[in-house]
Amino acid sequence: MRNSYLQPVADKLQKRSNKIIYIDELKAVIKTIMADQYTDQRAYKLIYHLKNKEYLISLKKNIFVATKPTIVISMDALIEDYYRMILHQHCNESVGKNRYIWWVKAMEFQLKNLDIPDEILIVTEMKQGNEIIVWDKSASFKKYTSKKVSLFPTFKKHLETIKFGKYSFKYACKEIAILETLYNFDKKVNRYEYEIVKKIIKKNKQRAVEIFENIIKIGKHHTSINRLYDIAKQENKALAEKLITIIKKYSFILDI
């Protein structure tokens, strides 16, 4: 492959500077320069050199940002600019619309913490596994079932929505998020999660108690509701009284 291809392609990419470019678009640009000399193997080799020369930054496999060697762009800035767009697109393509963000990030949304997590956990109806979203940021997908039946339709009515520009995300209401978080939980180890739960339950509403009750009726989160009761005894005694009633009626008391 002639080195003379690199600069013409780099010049073409400058028209897309600081914009997302996908692999198919990038190949098309390269093909206009290489013409009948084009092959996928040569294109990937050229992409390798473009990255080394800092004309391209790779956000993840097959997604890039065009830039210039003279411009310093931090990966943190690129993640802030493009993470939510790519996450939204990735989820639409891989799991569809039946999904929601759960666990700690859902609770953080309740406290107006919009930071991008290293790993975001997403409940779906069909998919399980871990996948890269942008750079070192990943998503963990999980199916939520009881006796092999999806619980997504049951929890769907309790979801809330947050918007980032034109991209919206469903996430678990605080009651579901709390119970999900407390499932695998050690108060001594999970201090951050513990503090978030404390902050949220200090403001208790009757609706919250009804949602806790509806979830426990399903037959899930017996351990979580007991852990929540243990925390509420210190932080919100009125809530604790309502939780113990739910536990005695629909669950069982655990020594945790």
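Described below are features of the structure shown in this document. Since the structure is predicted, the reported quantities are computational estimates derived from the model, not experimental observations.

## A few points about the overall build of the protein
Next, step 1: Helix and strand counts for the protein come out as 11 helices and 11 strands.
Next, step 2: Taken over C-alpha atoms, the radius of gyration comes to 24 Å for the protein, far larger than the 18 Å a tight globule of 256 residues would show.
Next, step 3: With the C-alpha coordinates aligned to their principal axes, the bounding extent of the protein is approximately 75 × 35 × 30 Å.
Next, step 4: Of all 256 residues assigned to the protein, the portion counted as buried reaches 47%.
Next, step 5: Computed over 48 positive and 29 negative side-chain charges, the inter-centroid distance for the protein is 3 Å.

## Quick look at the layout of surface pockets
Next, step 1: Looking at the largest pocket, its volume works out to about 300 Å³.
Next, step 2: Around the largest pocket, the lining comprises 15 residues; the ones closest to its centre are Lys142, Glu180, Tyr183, Asn184 and His221.
Next, step 3: Contributing elements (two or more residues each) for the lining of the largest pocket: β7 (137-143) and α10 (222-235).
Next, step 4: Residues belonging to the lining of the largest pocket are distributed by class as follows: five nonpolar, six polar and four charged.
Next, step 5: Its boundaries defined by the atoms lining it, the second largest pocket holds a volume of some 250 Å³.
Next, step 6: Breaking the lining of the second largest pocket down by element, the ones donating at least two residues are α4 (75-94), β4 (99-101), α6 (152-156), β10 (159-164) and β11 (167-172).
Next, step 7: The residue inventory of the lining of the second largest pocket, partitioned by class, reads seven nonpolar, five polar and four charged.

## Regarding the pairing of strand β6 (residues 129-134)
Next, step 1: As paired elements, β6 and β7 share five bridges and run antiparallel to each other. The residue bridging Asn130 from the neighbouring strand is Ser140, located in β7.

## Points about helix α2 (residues 23-34)
Next, step 1: If you check α2, its first and last C-alpha atoms are 16 Å apart, about what 12 residues at 1.5 Å a residue would give, namely 16 Å.
Next, step 2: Turning to α2, its buried residues number three or more, namely Ile23, Leu26, Lys27, Val29, Ile30 and Met34. Take α2 and look down its axis: the buried residues cluster within an arc of 160°, on one side only. Of the exposed residues in α2, the ones pointing more than 90 degrees away from its buried face are Asp24 and Thr32.
Next, step 3: In the core, the buried residues of α2 are packed alongside α1 (6-13), β1 (20-22), α3 (40-52), β2 (56-60) and β3 (63-66).
Next, step 4: Immediately beyond the C-terminal end of α2, within one or two residues, lies Ala35, with a positive phi of roughly 55°.

## So, unusual backbone geometry
Next, step 1: If you check the backbone angles, Lys147 has positive phi at about 55° while not being a glycine.
Next, step 2: Tracing the chain through its elements places Lys147 in the loop between β8 (145-146) and β9 (149-150).
Next, step 3: The phi dihedral of His221 is positive, around 65°, even though this residue is not glycine.
Next, step 4: Along the chain, His221 falls in the loop between α9 (206-218) and α10.

## A closer look at empty space enclosed by the protein
Next, step 1: Taken as a whole, this structure holds two cavities of 30 Å³ or more when the rule is applied.
Next, step 2: For the largest cavity, the calculated volume is near 100 Å³.
Next, step 3: The wall of the largest cavity is formed by 13 residues, among which Tyr83, Arg84, Phe109, Ile120 and Phe164 lie closest to the centre.
Next, step 4: Of all the secondary structure elements, the ones that give two or more residues to the lining of the largest cavity are α4 and α5 (103-110).
Next, step 5: If you tally residues by element for the lining of the largest cavity, the top one is α4, at three residues.
Next, step 6: Across the lining of the largest cavity, the residue classes break down as 10 nonpolar, no polar and three charged.

## A word on the packing of α2 against α3
Next, step 1: Axis separation between α2 and α3 bottoms out at 10 Å; the angle between their running directions is 105°. Comparing their axes, α3 and α2 come out roughly perpendicular. For the pair α2 and α3, the contacting residues are Ile23, Leu26, Lys27, Ile30 and Met34 in the first and Asp40, Arg42, Ala43, Tyr44, Leu46 and Ile47 in the second.
Next, step 2: Looking at the contact of α2 with α3, its residues break down into eight nonpolar, no polar and three charged.

## Description of the sheet that holds β2
Next, step 1: In spatial order, the strands read β1-β3-β2; together these three strands make up an open sheet with antiparallel pairing. Each edge of the open sheet is held by one strand with a lone partner, namely β1 and β2. In this sheet, neighbouring strand axes are inclined to one another by 40° on average, regardless of whether the strands run parallel or antiparallel.
Next, step 2: Bridge analysis of β1 against β3 gives three bridges, and the strand direction is antiparallel. Across the sheet, the residue bridging to Tyr22 is Ile63, located in β3.
Next, step 3: Against the sheet, α2 contacts β1, β2 and β3, and its axis sits at roughly 80° relative to β1.
Next, step 4: Its contacts with the sheet place α3 against β2 and β3, and it is angled at close to 105° to β2.

Thresholds, definitions, all that
Residues numbered from 1 in each chain as written. Predicted model: local features only at pLDDT ≥ 70, side-chain atom pairs only at ≥ 80, totals over all residues. Heavy atoms only, no water. Helix = DSSP H or I, 4+ residues; strand = E, 2+ residues; numbered from the N terminus. Rg over C-alpha atoms; globule rule 2.2 N^0.38 Å. Buried < 20%, exposed > 50% of the residue type's maximum accessible area, 1.4 Å probe, protein only. Lys, Arg positive; Asp, Glu negative; His and termini not counted. Charge placed at Lys NZ, Arg CZ, Asp CG, Glu CD. 1 Å grid on protein atoms, 1.4 Å probe; cavity = no way out; pocket = protein on both sides within 12 Å on 5 of 7 lines; lining within 4 Å. Points joined across faces, edges and corners; volume = space filled by probe spheres on them. Nonpolar A, V, L, I, M, F, W, Y, C, P; charged D, E, K, R; others polar. Pairing = 2+ DSSP bridges. Expected span 1.5 Å × (residues − 1). Arc of directions from axis to C-beta. Contact = heavy atoms within 4.5 Å. Axes fitted to C-alpha atoms, helices over the stretch in contact; angles between N-to-C directions. Parallel < 35°, antiparallel > 145°, perpendicular 65-115°, else oblique.

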